[in-house]
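The residues making up each chain are set out below.
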Amino acid sequence: MADLDGRIRILWIDDCEAADAGEYAYPESELPPDLREWFCVVRHPDIPGPSSIRTPEDFWPLFDCFWKRGQTDLFPVEIVAMDYNLRKWRDPSATAVRGDDGKDDYPGAGGGSDPVAAKQTGKASQPQLQAGFEGLVTGVFASAMLSAHPTGLVPMTNYGDALIGVPEVRALQNLSRPLLRVDYSDFHVSGDGRSWRNVLRKGVESLRDRMEILFVEGDISLSLDELMRISEGEANWLTLRSRYCTRRLPLQGLFLDADEGWREAARQWSTDLIKDIVKEGNLEALVESRRIAETLWDAYNDDDMFRRRCRLSELHDMRESLNEQQQDELKGLYQFFEVANPESNRASCGRNIADLRALGADAPTARWACLRVLVKLLARHLLCRKNWSEIMGEEFPALNLSNILVEDWMVALFPVAQSPLILPFQGGACSDYAVTAWGKWLRDNLKDDLSLNPRHILEGFGLGETIEGEKRGGCGLREAERRILREIAFDEPDLTERDWRESSLTQKVLWGRRPS
Amino acid sequence: MNRHNEDTEKELVRALRQAEADDNLAQRNLLFDQLQRLYADDAARLAARVFPADKQLQAGLKLHLLASLKSPIDRYNYDTWDSFARYVFNGWKQYAVRDYLRQYRTSIISIDARFSGEGDEPTQAEMLADSHPEPPKADAADMYEWLCSRFGTNDPDEQAALRDTIIGEAGPLARRLGMSILSRHLEQKPTLSRFRACRLWADVRARRKLWKELAKSGEHIR
């Protein structure tokens, strides 16, 4: 379902013929070369002309492959650029402007009349305009069909606002304006200002507007990782996931209208967008937590370091009964981890460690880092199950992995632990995680002041509640946190939103436990 | 096949033929996949009718029906799924039961070679078949045990961690190791080949049972 072409798609609704150029063919018949890098016009296989659709009849053959068969190589589009009158070359009466006497004031010579000329000569001050507006109908219809995907709708017509007097046009504009956020007040994309640059400047403005609405309402997903990098001025693309497909949009195109420069505009926009969903949360903590989580996750995946630390724990535990070789091994490990006073009750490792406590994160940052690590764990679990079933087929027994447990999570938060020397879950022992040194640290340091409840061991954070998707006594995730966590999860490579939704394990964490 | 499916099938086949005529490979592959999915549903329905009480045999028959489709167009040449099943079943009867292992070993080799692109070279599946003349026992735990022993690692601790992780008996530290091994192996191509070989070998076992049952109960397909 992913279409990563990397250009913003335009559905161009216009009856223009190649011969129209210079007269009615607005904008240019081809995108200017510098815009082609970021935009592309959807081509209709059966239409030779430059536009995507010339009549309403052209629409379904083009749309059908997407709507019925799920093909996403042409649709959904991000910009719908629509001319209003699609009959000016076929049906002269469609552009007739009638005077009070009912006669055509401006009959088209061999083709339609010229309503612009009508306006310019002043004769159109009172006439009853009979022009067609099928393009408006088609554009609004297409955008409404795609309302779950952000689409910027750009009206472009030489009629200016002359058609506003037509009740049907007024009705369509009134119906579509609130949903699609169309700006019907400015027709400067046509007439003298006609150019793709002008059309697209309006189009991306409207597109971003729709993206904001759909994102904040949770109807689409934007890569949170990329948004953060954009807010730091680092990224050039933004990945968008709607119910239809995943699209990758170039920022230089998406901010074509930014006079102050696309990077600065993108930085401001993404910062505002993140703030919108983080709400009362701490944006800096969310950003910084990425680095902390990556450090922990890298260490967790380092088999060699993990084994060494386990071995230190094991040998230190058995230090009274080791043979000579094992004693040498233990001594080597003490040196490697710089354990200064191994016999002390508070002995700890001085170097080569990866431990949440040692990374200097404040409480909100550490809290988000914990959640990011949990997402990594869930992703690994999910990917194993997915790869297994893809490789082994339905007929082979499914992978019988146990669910992610709090203990797994804690091991990932303290993968090469500073202390204690004897690891909490050594030898398969599943002691109560909350009474371990790690559990105590989490309890004391990751309290959530908003929901402090002394009756719970891990006040406000609730590792168990988070995994079970519950909210008990102030513990567990708030919906706003889950929302952010979902965006973080959707950024994981090789997994789709559907993968996350279909697993009961991840369902609980990311969407919360459904009431039974 | 219900009315809705028939209509969909007709439309897909028509489009598929058109795509083939147009030499539009991308479109043809897309339609082919859609048709395969449609047939997978139908094959499952037919298998459930033939072996209503045995899920394993249902799965085996479904697999057989789909494997017998060299192209979805084959199926379309038969009026109904029942007539297609009769054709497939008669095809199966041409093989003597005593030859089944040879037949399926041949198909294992050809399938695995296609996956691995190794051509005529001896495949992992072939070597596996030679070194394991008897397939593993039927229950899932034995299958996992056997599978873990087939991983590239010779470290008994790793094998134990992997097995305990898969069957849900590992402690948190061992589970970290088991998951790491599992995810690494599931992402790597050489391991995929081993996994596929295991699966195909398991298919032989399932097919042997299916074969015997079909000899008894295949009558009501006809």
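The model shown is predicted, which means the values in this text are computed figures rather than measured ones. (Residues numbered from 1 in each chain as written. Chains lettered and ligands numbered in written order. Predicted model: local features only at pLDDT ≥ 70, side-chain atom pairs only at ≥ 80, totals over all residues. Heavy atoms only, no water.)

### Some words on the pattern of salt bridges
One side chain can pair with another of opposite charge once the charged atoms of both are near each other. On inspection of all chains with the given rule, the structure shows 29 salt bridges over all chains. A salt bridge links Glu288 of chain A to Arg291 of chain A; its shortest N-O distance comes to 2.5 Å. Taken together, the residues Glu288 of chain A and Arg291 of chain A, both in helix H10 (residues 283-300) and three residues apart, mark about one turn of the helix. Residue classification places Glu288 of chain A among the partly exposed residues on the basis of a relative accessible area of 31%. Asp408 of chain A is the partner of Arg175 of chain B in a salt bridge, and the nearest nitrogen-oxygen pair spans 2.7 Å. Taken together, the positions of Arg175 of chain B in helix H10 (residues 172-187) and Asp408 of chain A in helix H14 (residues 406-413) put the pair across two chains. This pair shows no difference in class: Arg175 of chain B is buried, exactly as Asp408 of chain A is. (Salt bridge = Lys/Arg side-chain N within 4 Å of Asp/Glu carboxyl O. Helix = DSSP H or I, 4+ residues; strand = E, 2+ residues; numbered from the N terminus. Buried < 20%, exposed > 50% of the residue type's maximum accessible area, 1.4 Å probe, protein only.)

### Remarks on the environment of Val278 of chain A
Residues and elements named next belong to chain A. Mapped onto the secondary structure, Val278 falls in helix H9 (residues 262-278). You can call Val278 buried: its relative accessible area is 6%. Look past the residues within four positions of Val278 in its chain and what remains in contact with it is Leu283, Leu286 and Ile484. (Contact = heavy atoms within 4.5 Å.)

### Section: the pairing of strand S2 (residues 8-13) of chain A
All names here are of chain A. Burial of S2 is extensive: six of the six residues sit out of reach of the surface. Sheet analysis places S2 next to strand S3 (residues 39-41), joined by three bridges and oriented parallel. Residue Arg9 lies in a different strand from S3, and its bridge partner there is Cys40. Here S2 runs beside strand S4 (residues 79-82); their pairing, made up of four bridges, is parallel. For Trp12, the partnering residue across the bridge sits in S4 and is Ala81. (Pairing = 2+ DSSP bridges.)

### Comments concerning unusual backbone geometry
Residue and element names in this part refer to chain A. Pro76 follows Phe75 through a cis peptide bond whose omega is -5°. By the secondary structure assignment, Pro76 is in the loop between helix H2 (59-67) and S4. Put simply, Ser419 and Pro420 share a cis peptide bond, and its omega is -5°. You can see Pro420 is positioned in the loop between H14 and helix H15 (437-445).

### Details of the confidence of the model for chain A
Detail in the predicted coordinates should be disregarded across regions flagged by low pLDDT. All names here are of chain A. Of the residues in chain A, 80% have a pLDDT of 70 or more, and the chain-wide mean is 81. In the predicted structure, residues 96-129 sits below a pLDDT of 50 and forms 50 contacts with residues beyond four places in sequence or in another chain. Confidence drops under a pLDDT of 50 for residues 449-459, and excluding neighbours within four residues, the segment shows 26 contacts in the predicted structure. (pLDDT = per-residue confidence, 0-100.)

### A look at the packing of helix H11 (residues 303-317) of chain A against helix H12 (residues 324-336) of chain A
All names here are of chain A. Put simply, H11 and H12 touch, their axes get as near as 10 Å, and they point 125° apart. If you check the angle between H11 and H12, you find them oblique. Of the two possible hands of crossing, H11 and H12 adopt the one that is left-handed. Residue-level contacts link Met305, Arg308, Arg311, Leu312, Leu315 and His316 of H11 to Gln326, Glu329, Leu330, Leu333, Tyr334 and Phe336 of H12. A per-class count over the contact of H11 with H12 returns seven nonpolar, two polar and three charged. (Axes fitted to C-alpha atoms, helices over the stretch in contact; angles between N-to-C directions. Parallel < 35°, antiparallel > 145°, perpendicular 65-115°, else oblique. Left-handed = near helix turned anticlockwise from the far one by under 90°. Nonpolar A, V, L, I, M, F, W, Y, C, P; charged D, E, K, R; others polar.)

### Considerations on H15 of chain A
Listed as buried for H15 of chain A are Trp438, Gly439, Trp441 and Leu442 of chain A. Relative to the axis of H15 of chain A, the buried residues are bounded by an arc of 160° and lie together on one face. (Arc of directions from axis to C-beta.)

### Looking at the packing of aromatic side chains
In this structure the tally under the stated criterion is 20 aromatic pairs over all chains. For the pair Phe336 of chain A and Phe337 of chain A, a centre-to-centre distance of 5.0 Å together with 90° between the ring planes defines the contact as edge-to-face. Look at Phe490 of chain A and Trp511 of chain A: their rings are 6.2 Å apart centre to centre, the planes differ by 40°, and that puts the pair in the tilted class. Linking Phe490 of chain A in helix H17 (residues 479-490) with Trp511 of chain A in helix H19 (residues 504-511), this pair joins segments that are 21 residues apart in sequence. Ring pairs connect the aromatic residues Phe59, Trp60, Phe63, Phe66, Trp67, Phe75, Phe141 and Tyr244 of chain A, which therefore count as one cluster. Geometry around Trp237 of chain A places Arg248 of chain A over its ring, the cationic atom sitting 4.3 Å from the centre. Sitting above the plane of the Phe306 of chain A ring, Arg176 of chain B keeps its charged end 4.2 Å from the centroid. (Phe/Tyr/Trp six-rings, centres within 6.5 Å; stacked < 30°, edge-to-face > 60°. Lys NZ or Arg CZ within 6 Å of the ring centre and 35° of its normal.)

### A short note on the pairing of strand S10 (residues 246-250) of chain A
Judged from the five bridges that link them, strand S9 (residues 237-241) of chain A and S10 of chain A form a sheet pairing that is antiparallel. Pairing of Leu240 of chain A across the sheet is with Arg247 of chain A, part of S10 of chain A.

### Side note on H12 of chain A
Residue and element names in this part refer to chain A. Taking 1.5 Å per residue, 13 residues should reach 18 Å; H12 reaches 18 Å between its end C-alpha atoms and fits that length. Those residues of H12 lying buried are Leu330, Leu333 and Tyr334. Projected onto a plane normal to the axis of H12, the buried residues spread over an arc of 105° and lie on a single side. More than 90 degrees from the buried face of H12, the exposed residues found are Glu324, Gln325, Lys331 and Gln335. Those residues of H12 that are buried are in contact with H11. Backbone nitrogen of Gln325 and a side-chain oxygen of the N-cap are separated by 3.1 Å at the start of H12; the cap is Asn323. In the segment just after H12, Glu338 is the residue with positive phi, at about 50°. (Expected span 1.5 Å × (residues − 1). Polar contact = N/O pair within 3.5 Å; in protein donor to acceptor, adjacent residues only side chain to side chain.)

### Structural notes on the confidence of the model for chain B
Residues and elements named next belong to chain B. In the predicted model, chain B carries a mean pLDDT of 58, and 32% of its residues have values of at least 70. Per-element confidence in chain B ranges from a low mean pLDDT of 39 for helix H6 (residues 100-116) to a high of 83 for H10. The model gives residues 70-75 a pLDDT under 50, and that stretch makes 17 contacts with residues more than four places away or in other chains. Predicted confidence for residues 189-195 stays below pLDDT 50, and this span has 20 contacts to residues more than four positions away or in other chains. Overall fold confidence for the complex sits at a pTM of 0.68, while the interface term, ipTM, reaches 0.71.

### Concerning empty space enclosed by the protein
Here the structure, examined in full by the defined rule, presents four cavities of 30 Å³ or more. A volume near 70 Å³ is recorded for the largest cavity. If you trace the largest cavity, you find it lined by Tyr300, Leu377, Arg380, His381, Ile404 and Asp408 of chain A together with Arg175, Arg176 and Met179 of chain B. Listing elements by their share of the lining of the largest cavity, those giving two or more residues are helix H13 (363-392) of chain A together with H10 of chain B. (1 Å grid on protein atoms, 1.4 Å probe; cavity = no way out; pocket = protein on both sides within 12 Å on 5 of 7 lines; lining within 4 Å. Points joined across faces, edges and corners; volume = space filled by probe spheres on them.)

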